[in-house]
Amino acid sequence: MRDLKVRVEAGVLWLTLHRPEQLNALTDVMVEEAISQLRRATGRDDVRVVVLTGSGRAFSAGADLGGADAQERYDAASVDAANYLIRSVTELDKPVVCGLNGVAAGVGMSVALACDLVVATESAALTVAFTEIGLMPDGGATATLAAAVGRVRAMRLALLSDVVTAQEAYAAGLVSHVFLDEDYQEELGKIVQRLAAGPPLAFAATKKAINAATLGGLPDAFARERTGQAVLLRTEDAAEGIKAFAEKRRPEFGGQ
Ligand code: T3D
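Residues numbered from 1 in each chain as written. Predicted model: local features only at pLDDT ≥ 70, side-chain atom pairs only at ≥ 80, totals over all residues. Heavy atoms only, no water.

**Quick word on the site of the ligand**
Link 1 in the chain: As a structural note, the neighbourhood of the ligand is formed by 25 residues, with Ala-63, Leu-65, Ser-78, Asp-138 and Lys-248 the closest of them.
Link 2 in the chain: With respect to the ligand, the backbone of Ala-63 contributes an N or O atom lying 2.8 Å from a nitrogen atom.
Link 3 in the chain: For the ligand, an oxygen atom lies 2.7 Å from a polar atom in the side chain of Lys-248.
Link 4 in the chain: Protein burial of the ligand: of its 1,000 Å² of free accessible surface, 71% is covered by the chains.
Link 5 in the chain: Per-class residue counts for the shell around the ligand are 13 nonpolar, six polar and six charged. (Near = heavy atom within 4 Å. Polar contact = N/O pair within 3.5 Å; in protein donor to acceptor, adjacent residues only side chain to side chain. Areas by Shrake-Rupley, 256 points an atom, 1.4 Å probe, with all protein chains shown as cover. Nonpolar A, V, L, I, M, F, W, Y, C, P; charged D, E, K, R; others polar.)

**A look at the sheet that holds strand 8 (residues 125-127)**
Link 1 in the chain: Spatially, four strands are ordered 4-6-8-9 in an open sheet, and the strand pairing comes out mixed. Strands with a single pairing partner mark the edges of an open sheet, and in this sheet they are strand 4 (58-60) and strand 9 (164-165).
Link 2 in the chain: Judged from the two bridges that link them, strand 8 and strand 9 form a sheet pairing that is antiparallel. Residue pairing for strand 9: Leu-126 is matched across the bridge by Val-164. (Pairing = 2+ DSSP bridges. Helix = DSSP H or I, 4+ residues; strand = E, 2+ residues; numbered from the N terminus.)

**A few points about a negative patch on the surface**
Link 1 in the chain: On the surface, Glu-122, Asp-181, Glu-182, Asp-183 and Glu-186 cluster together into a negatively charged patch.
Link 2 in the chain: On the secondary structure map, Glu-186 appears in helix 7 (residues 181-196).
Link 3 in the chain: A relative accessible area of 54% places Glu-186 in the exposed class. (Patch = residues over 30% accessible without salt bridge, like charges linked within 9 Å, V, L, I, M, F, W, Y side chains within 5 Å. Salt bridge = Lys/Arg side-chain N within 4 Å of Asp/Glu carboxyl O. Lys, Arg positive; Asp, Glu negative; His and termini not counted. Charge placed at Lys NZ, Arg CZ, Asp CG, Glu CD. Buried < 20%, exposed > 50% of the residue type's maximum accessible area, 1.4 Å probe, protein only.)

**Regarding the pairing of strand 7 (residues 117-121)**
On any regular strand, side chains alternate: one points to one face of the sheet, the next to the other face.
Link 1 in the chain: The element strand 7 is largely enclosed, with a buried count of four among its five residues.
Link 2 in the chain: Bridge count between strand 5 (residues 96-100) and strand 7: four bridges; the pairing is parallel. Within strand 7, the position partnered with Leu-100 by the bridge is Ala-120.
Link 3 in the chain: With three bridges connecting them, strand 7 and strand 10 (residues 177-179) associate as parallel partners. Across the sheet, the residue bridging to Thr-121 is Phe-179, located in strand 10.

Here it is, written out as structure tokens:
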């Protein structure tokens, strides 16, 4: 698939989001293909660990905001697809590592937060971004963000969409590792190889137990996000937010 590069090497399934010109903004087809690869990974003996990463200078800028019909492309069904992608990460019985090679925004950040480890380059950054365009966080981020950083900082990040540097993200508990850009690829490779050589049954049981203990509210979060986002997507604020992004200006929200 052109926009999702897939390769298996030494027990590792590498899934690379590949729309570098659009900062790897996610299309429906990319989401569907990533889900399919993650779901198939369960039964693959040649896959012990999965890495999700991006091409170029971004991990993913979230939903694709390109085109005049951007707002109409999204509805409850697209929220369901995003949520299913997140579940495919959290429910996979193998470690999933986010190779945070650059910025993650919107549902791109939600994907990163769903992964078991987030290995970042020093130049990477995260921003919730949704509220900047009149939407609420989805892809389970209302649960995973709060689980990672606590309620108060989750509110700050979600309401103000501050851009968090990789070092700040590490200090806050959003990412598990940060490496200098020049060391990142090699260090990511070492971590992934340790996981590939580790005990699959113990990893599966550990992942399931930690997710159960920390993300028990995820199914309810998906449901709330679906309901809230379906409404927000049809507001004038969302239309203005998406239009303003395309026009590279600050949005003016009227609360309608
Ligand atoms: O169904 C549902 O689930 C609905 C909900 C949707 C889920 C969401 O993810 S909503 C949030 C969508 N994402 C955003 O709002 C983030 C938008 N992007 C940004 O805020 C910034 O691009 C970044 C902070 C990520 C990076 O900033 P910067 O200054 O490094 O790059 P830039 O100049 O803004 O972007 C570079 C190019 O990528 C630019 O194109 P150009 O002008 O060079 O032709 C820009 O338009 C493009 N780009 C960036 N983000 C997106 C995008 N193109 C399409 N979709 C994007 N999301």
